Amino acid sequence: QRKAVVVVRAVAINPEIRKSEEKVVDSVVVSELSKPLTAYCRCWRSGTFPLCDGSHVKHNKATGDNVGPLLLKKPKE
Ligand code: FES
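Residues numbered from 1 in each chain as written. Predicted model: local features only at pLDDT ≥ 70, side-chain atom pairs only at ≥ 80, totals over all residues.

Trainee: Where do I start with the overall build of the protein chain in this structure?
Mentor: Counting its regular elements, the protein chain contains one helix and three strands. Its helices and strands in sequence order give the protein chain the pattern β-β-α-β, from N to C terminus. Based on the C-alpha atoms only, the size of the protein chain along its principal axes is roughly 60 × 35 × 15 Å. The long-range fraction of contacts in the protein chain, counting pairs at least 24 apart against all pairs at least 6 apart in sequence, stands at 63%. (Helix = DSSP H or I, 4+ residues; strand = E, 2+ residues; numbered from the N terminus. Contact = placed C-beta atoms within 7 Å.)

Trainee: Can you help me understand the confidence of the model for the protein chain in this one?
Mentor: Where the model shows low pLDDT, its predicted coordinates should not be examined in detail. In the predicted model, the protein chain carries a mean pLDDT of 88, and 99% of its residues have values of at least 70. Element-level pLDDT for the protein chain is lowest in strand E1 (residues 24-29), with a mean of 84, against a maximum mean of 94 in helix H1 (residues 55-63). (pLDDT = per-residue confidence, 0-100.)

Trainee: Looking at this structure, I do not really get the environment of Glu77. What am I missing?
Mentor: Turning to its location among the elements, Glu77 is positioned in the segment after strand E3 (67-73). Spatially, the C-alpha atoms of Glu77 and Ser31 are 9.7 Å apart, while their sequence positions differ by 46 residues.

Trainee: Please explain the nonpolar core as it appears in this structure.
Mentor: Side chains of a nonpolar character, in soluble globular proteins, are inclined to be buried together. Core analysis: the largest hydrophobic core is formed by six residues, namely Val24, Ala39, Cys41, Cys43, Cys52 and Val67. The residues contacting Ala39, other than those within four sequence positions of it, are Leu51, Cys52, Pro69 and Leu71. (Core = buried A, V, L, I, M, F, W, Y, C linked by C-beta atoms within 7 Å. Buried ≥ 20, exposed ≤ 12 C-beta atoms within 10 Å, placed from the backbone.)

Trainee: Hey, could you run me through the pairing of E3 in this one?
Mentor: Sheet faces and side chains relate simply in a regular strand, where the side chains alternate between the two faces. Sheet topology places E1 next to E3; five bridges connect them, and they run parallel. Looking across to E3, one finds that Asp26 is bridged to Leu70. Here strand E2 (residues 37-40) pairs with E3 via four bridges, running antiparallel. Bridge assignment links Thr38 to a residue of E3, and that residue is Leu72. (Pairing = 2+ DSSP bridges.)

Trainee: Teacher, can you tell me more about the sheet that holds E3 here?
Mentor: Adjacent strands of a sheet form backbone hydrogen bonds with each other and so pair up, either parallel or antiparallel. Read from one edge to the other, the open sheet built from three strands follows the order E1-E3-E2, with strand pairing classed as mixed. Pairing within the sheet leaves two strands with one partner each, and these edge strands are E1 and E2. Neighbour-to-neighbour, the strand axes of this sheet turn through a mean angle of 20°, independent of strand direction. (Axes fitted to C-alpha atoms, helices over the stretch in contact; angles between N-to-C directions.)

Trainee: Sorry, what's going on with the UniProt feature "domain: Iron-binding zinc finger CDGSH type" (unreviewed entry) in the protein chain here?
Mentor: The UniProt record annotates "domain: Iron-binding zinc finger CDGSH type" (unreviewed entry) at residues 23-62. Secondary structure content for residues 23-62 is 20% helix and 25% strand, while the C-alpha to C-alpha distance between its ends is 14 Å. (UniProt positions renumbered as here; feature names shortened; annotations may be inferred.)

Trainee: Hey, could you run me through H1 in this one?
Mentor: Because each turn of an α-helix spans 3.6 residues, side chains separated by three or four positions in sequence point in the same direction. Of all the positions in H1, only His56, His59 and Asn60 are classed as buried. Relative to the axis of H1, the buried residues are bounded by an arc of 100° and lie together on one face. In H1, the exposed positions that point more than 90 degrees away from the buried face belong to Lys58 and Lys61. The secondary structure elements touched by the buried residues of H1 are E3. (Arc of directions from axis to C-beta.)

Take a look at the structure:
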């Protein structure tokens, strides 16, 4: 029986956006959120996608990339 071999290469996914920054993170204030902070994955490596689980740290180290999550923040009352 033949076995499939999957090779996953670590490659950067951000070739040009804000490369001078160590990590690209953006945040948006959304008053209707139920939680004070929600982080959405933008590296496509999260095990809890679409939510960020911190996997971008390993991806950035392996590839030299600088991706980070999109943070949705509820304003303080
Ligand atoms: Fe993808 Fe954090 S795990 S941005």
